[in-house]
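The chain contents come next:
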Amino acid sequence: FLACFTVELVLRRLHAGSWWRTLRDSWNCLDFVLVIVGYAGVVLEYILQSNNERLLDSVRVLRLVRLVRIVRVFRFFHNLNG
């Protein structure tokens, strides 16, 4: 999912012409934050692979934050139908 969200964010940025125009919309800003948090989680998990399980659990919880993005996508498609 992280790769898909990254591609989507980059495409939105290319369409808008600049990061400033892209991030003026609050949903795009949320998407940007979730992508950054997602990459931070992946990097931290890679670095800390088995050093501290409690910290890894925290990183995994942070990755769940990305699910907010999925809920937004489902809500968007639901609103298209109804």
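Residues numbered from 1 in each chain as written. Predicted model: local features only at pLDDT ≥ 70, side-chain atom pairs only at ≥ 80, totals over all residues. Heavy atoms only, no water.

Let us look at the overall build of the protein chain. The helix and strand inventory of the protein chain stands at 5 helices and 0 strands. Helices and strands appear in the protein chain in the N-to-C order α-α-α-α-α. Within the protein chain, the proportion of its 82 residues that are buried is 23%. The long-range fraction of contacts in the protein chain, counting pairs at least 24 apart against all pairs at least 6 apart in sequence, stands at 50%. About 6,300 Å² of surface is accessible on the protein chain, with carbon and sulfur atoms providing 66% of the total. (Helix = DSSP H or I, 4+ residues; strand = E, 2+ residues; numbered from the N terminus. Buried < 20%, exposed > 50% of the residue type's maximum accessible area, 1.4 Å probe, protein only. Contact = heavy atoms within 4.5 Å. Areas by Shrake-Rupley, 256 points an atom, 1.4 Å probe, with all protein chains shown as cover.)

It is worth spelling out a nonpolar patch on the surface at this point. Taken together, the side chains of Val7, Val10, Leu11 and Leu14 define a hydrophobic patch exposed on the protein surface, amounting to about 370 Å² of accessible area. For Val10, the location among the structural elements is in helix α1 (residues 2-16). (Patch = residues over 30% accessible without salt bridge, like charges linked within 9 Å, V, L, I, M, F, W, Y side chains within 5 Å. Salt bridge = Lys/Arg side-chain N within 4 Å of Asp/Glu carboxyl O.)

Among the nonpolar cores identified, the biggest contains 5 residues, and these are Leu2, Phe5, Leu9, Val35 and Ile70. Among the elements that take part in this core, α1 stands out by supplying 3 residues, more than any other. (Core = buried A, V, L, I, M, F, W, Y, C linked by side-chain atoms within 4.5 Å.)

Opposite charge on two side chains allows them to pair when their charged atoms are near. Within this structure, the stated rule accounts for 2 salt bridges. The residue Glu8 makes a salt bridge to Arg12 at a minimum N-O spacing of 2.5 Å. Here the residue Glu8 and the residue Arg12 both occupy positions in helix α1, the gap between them amounting to 4 residues, near one helical turn. Residue Asp31 is joined to Arg12 by a salt bridge in which the shortest nitrogen-to-oxygen separation is 2.8 Å. Within this pair, whereas Asp31 is found in helix α3 (residues 26-47), its partner Arg12 is found in helix α1, the two being separated by 19 residues in sequence. Given the relative accessible area of 4%, Asp31 is considered buried. Taken together, the shared-partner salt bridges connect Glu8, Arg12 and Asp31 into one network.

Moving on, we come to the confidence of the model for the protein chain. Within the protein chain, residue pLDDT values average 77, and 79% of them lie at 70 or more. The spread of mean pLDDT over the elements of the protein chain runs between helix α4 (residues 53-64), the lowest at 69, and α1, the highest at 85. (pLDDT = per-residue confidence, 0-100.)

Attention now moves to the packing of α1 against α3. Two elements in contact, α1 and α3, have axes whose closest approach is 10 Å; the angle formed by their N-to-C orientations is 140°. The angle between α1 and α3 places the two elements in the oblique class. Like other packed secondary-structure pairs, α1 and α3 cross with a definite hand, here left-handed. Contact residues: Leu2, Phe5, Thr6, Leu9 and Arg12 in α1; Asn28, Asp31, Phe32, Val35, Gly38, Tyr39 and Val42 in α3. Broken down by class, the residue content of the contact of α1 with α3 amounts to 7 nonpolar, 3 polar and 2 charged. (Axes fitted to C-alpha atoms, helices over the stretch in contact; angles between N-to-C directions. Parallel < 35°, antiparallel > 145°, perpendicular 65-115°, else oblique. Left-handed = near helix turned anticlockwise from the far one by under 90°. Nonpolar A, V, L, I, M, F, W, Y, C, P; charged D, E, K, R; others polar.)

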